[in-house]
Amino acid sequence: MIVRPRVIDQKTIRTENRKKILQLLIRKRELTIPEISREIDISTPTITKNINQLMAEGMAEEAGVSESTGGRKPMVIKFLPDAYYSVGVEFALEYVRIILTNLDTSIKADRILRNANYQDIVSLMTYIHQEVDSIFLEKEIPVERVLGVGISIPGTVNEETAFVKIAPNIGIRNADFRPYEDLFQLPLFLENDANAAAIAEVILGIAKEMRNLVFLCVLPQGVGAGIVVDGHLYKGQNKRAGEISHTTIASHGKLCSCGRRDCWELYASGNTLITRYKEKTGRTLASLEEFFALVKRYELAAVKVFDEYLDYLALGIQNLILIQDPHYVILGGVISPYEDIFFEPLKEKVFVENNFYDMQDVKLMCSTLKENATILGASLLPFEKIFALHDM
Ligand SMILES: [Zn+2]
């Protein structure tokens, strides 16, 4: 990837200043103009102009005078997180989840639809729209205060055209989401699920402000990676970067749904644990929760399946580390709730003696946003696209 130096013109400086001021306000909540000036080294008139703009947009207000200084007491500027809202929607294999967040990304409403029918996108989007509308009504939020709807999709997404090329696990192919903007009367922003999680992790999570990281998302039927290079999401020429589910990891001849053999997802997706356990014991487990309960009790077959699974998960992570040389590898997805069981043994397998990297070079961690990483990333999309605070 070529990172070109940004050409700074007057307009960009103004927006850059605005970004800095807004970021500071979001972080510190209440500041005076002299304090802002000291913190980010921008002249008082420029700050005043930007603050007036932010107040006009409803994102800040004057909140009394500061007591701290002598002479003329400066006005305290207060950030208003409820000035704008955003809707996050997560398309997952087993559900569609819808949340409403404010500028703080705190979740104000949370709804879930089980058994979503992705084959009938029109009905599904109509249903989601009705849910979103009922959330606005319940929370008494006028639609003018909503910046947009961000949707995370487990597949290859062109975020510029809101077009889903293929999301194999939920069976969506060549779907154009742009027409639904008319239905919602709001801008729609789409993103691949692992990319959305990576965005959330960089902006809100454990890797705050990290420049180079891979977010590895273990899904029920796949594995996805969101790649951040030099502070920017790396998406690749065809928006397929990080589609690692179908990279070859073994040579057992196991047939994958994609037509190839021995893809990583056959060995490292969440459901692998359940299918392998069934192959070994003949017993069908209802959930990963049940599987991990067996591991916790040291049930022999479960422990064996688990150990094998971790070998393949570690192999893929090692490949990612060697390809990407990231600072952080963050694990999330369906295995998130079982961190206490899988993390230490996985770490041992990833950092097995080698000539290239160790625990000092690469940090392997679990997402602190856990099962919310992807949907928070989705709800951040409208904020980020409109305010461009992080230039992801
Ligand atoms: Zn495959």
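Residues numbered from 1 in each chain as written. Predicted model: local features only at pLDDT ≥ 70, side-chain atom pairs only at ≥ 80, totals over all residues. Heavy atoms only, no water.

Peer 1: Break down the sheet that holds strand β14 (residues 232-233) for me, with residues and values.
Peer 2: On the basis of which strands lie adjacent, the open sheet formed by five strands has the order β14-β13-β12-β15-β16 and mixed pairing. Strands at the two margins of the open sheet, each flanked by one partner only, are β14 and β16 (363-366). Of the strand pairs in this sheet, strand β12 (residues 213-218) and strand β15 (residues 328-333) are connected by six bridges, and their pairing is parallel. By the bridge assignment for β15, C217 is matched with G332. Packed onto the sheet, helix α6 (residues 193-203) meets β12, β13 (223-229), β14 and β15 and runs at close to 45° relative to β13. (Pairing = 2+ DSSP bridges. Helix = DSSP H or I, 4+ residues; strand = E, 2+ residues; numbered from the N terminus. Contact = heavy atoms within 4.5 Å. Axes fitted to C-alpha atoms, helices over the stretch in contact; angles between N-to-C directions.)

Peer 1: Tell me what's going on with the pattern of salt bridges, and back it up with residues and numbers.
Peer 2: Close approach of charged atoms allows side chains of opposite charge to pair. Scanning the entire structure with this criterion turns up 20 salt bridges. Of the charged contacts, one joins K296 and D340 as a salt bridge, the two residues approaching to 3.5 Å between their closest N and O atoms. Of this pair, K296 sits in helix α9 (residues 288-296) while D340 sits in helix α11 (residues 339-350), and the two are 44 residues apart along the sequence. Across this residue pair, the class does not change: K296 and D340 are exposed. (Salt bridge = Lys/Arg side-chain N within 4 Å of Asp/Glu carboxyl O. Buried < 20%, exposed > 50% of the residue type's maximum accessible area, 1.4 Å probe, protein only.)

Peer 1: Go over the side chain of S245 with me, naming the residues and quoting the values.
Peer 2: By the element assignment, S245 lies in the loop between β14 and α7 (265-268). At 2.8 Å, the side chain of S245 forms a polar contact with the backbone nitrogen of V223. Among the polar contacts made by the side chain of S245, one reaches the side chain of E265 at a distance of 2.9 Å. (Polar contact = N/O pair within 3.5 Å; in protein donor to acceptor, adjacent residues only side chain to side chain.)

Peer 1: Tell me about the pairing of β16, and name the residues and values.
Peer 2: Side chains L364 and C366 project from β16 onto a buried face, and the interleaved K363 and M365 project onto a face without burial. With four bridges joining them, β15 and β16 adopt parallel strand pairing. Along β16, the bridge assignment pairs L331 with C366. Of the crossover connections in this fold, the one passing from β15 over α11 to the parallel β16 is right-handed. (Right-handed = clockwise from strand over helix to strand, strands pointing away.)

Peer 1: Could you give me a rundown of the coordination of the zinc ion, with the residues and numbers involved?
Peer 2: Around the zinc ion, the protein contributes the donor atoms H246 (ND1), C256 (SG), C258 (SG) and C263 (SG), which lie 2.0 to 2.3 Å from the metal centre. Bound by four donor atoms, the zinc ion shows angles of 107 to 116° at the metal and therefore tetrahedral coordination geometry. Along the chain, the residues donating to the zinc ion are arranged with the sequence spacing H-x9-C-x1-C-x4-C. One end of the pair, H246, is in the loop between β14 and α7; the other, C263, is in the loop between β14 and α7, and 17 residues separate them in sequence. Its relative accessible area of 26% is what places H246 among the partly exposed residues. Assessed through its relative accessible area of 0%, C263 is described here as buried. (Donors = N, O, S within 2.8 Å, 3.2 Å for Na, K, Ca; no water. Tetrahedral: all angles 85-135°; square planar, octahedral: opposite > 155°, others 65-115°.)

Peer 1: Summarise the nonpolar core; cite the residues concerned and give the values.
Peer 2: By size, the foremost hydrophobic cluster in this structure holds 50 residues, and its most contacted members are F291, L313, I317, F342 and L346. Ranked by residue count, the leading element in this core is helix α10 (residues 300-324), at twelve residues. Discounting residues that sit within four places of it in the chain, F342 has contacts with F306, L310, L331, I335 and C366. I51, A198, M210 and I330 belong to the second-largest nonpolar core, a separate cluster that totals 48 residues. (Core = buried A, V, L, I, M, F, W, Y, C linked by side-chain atoms within 4.5 Å.)

Peer 1: Describe in detail the side chain of H129, supporting the description with residues and values.
Peer 2: Its location among the elements puts H129 in helix α4 (residues 121-138). On the accessibility criterion, H129 (15% relative accessible area) is buried. For H129, the contacting residues outside a window of four places in its chain are L183 and F184.

Peer 1: So, the sheet that holds strand β11 (residues 188-192): which residues are in play, and what are the values?
Peer 2: Spatially, the five strands line up as an open sheet ordered β6-β5-β4-β7-β11, and their pairing is mixed. Strands with a single pairing partner mark the edges of an open sheet, and in this sheet they are β6 (107-114) and β11. Here the strands of the sheet are splayed against their neighbours by 15° on average, with no regard to which way each runs. Both strand β5 (residues 95-102) and β6 contribute to a ladder of seven bridges, which runs antiparallel. Paired with I98 across the strands is R111, a residue of β6.

Peer 1: Account for α9, with residues named and values stated.
Peer 2: Every buried residue belonging to α9 is among L288, F291, F292, L294 and V295, and all of these are buried. Projected onto a plane normal to the axis of α9, the buried residues spread over an arc of 150° and lie on a single side. Facing away from the buried side of α9 by over 90 degrees, the exposed positions are E289 and K296. In this structure, the buried side of α9 is in contact with α8 (270-281), α10 and α11. The positive-phi residue at the C-terminal boundary of α9 is Y298, with phi of around 60°. (Arc of directions from axis to C-beta.)

Peer 1: Run through the confidence of the model for the chain, naming residues and quoting values.
Peer 2: Of the residues in the chain, 96% have a pLDDT of 70 or more, and the chain-wide mean is 91. Predicted confidence for residues 1-8 stays below pLDDT 50, and this span has seven contacts to residues more than four positions away or in other chains. (pLDDT = per-residue confidence, 0-100.)

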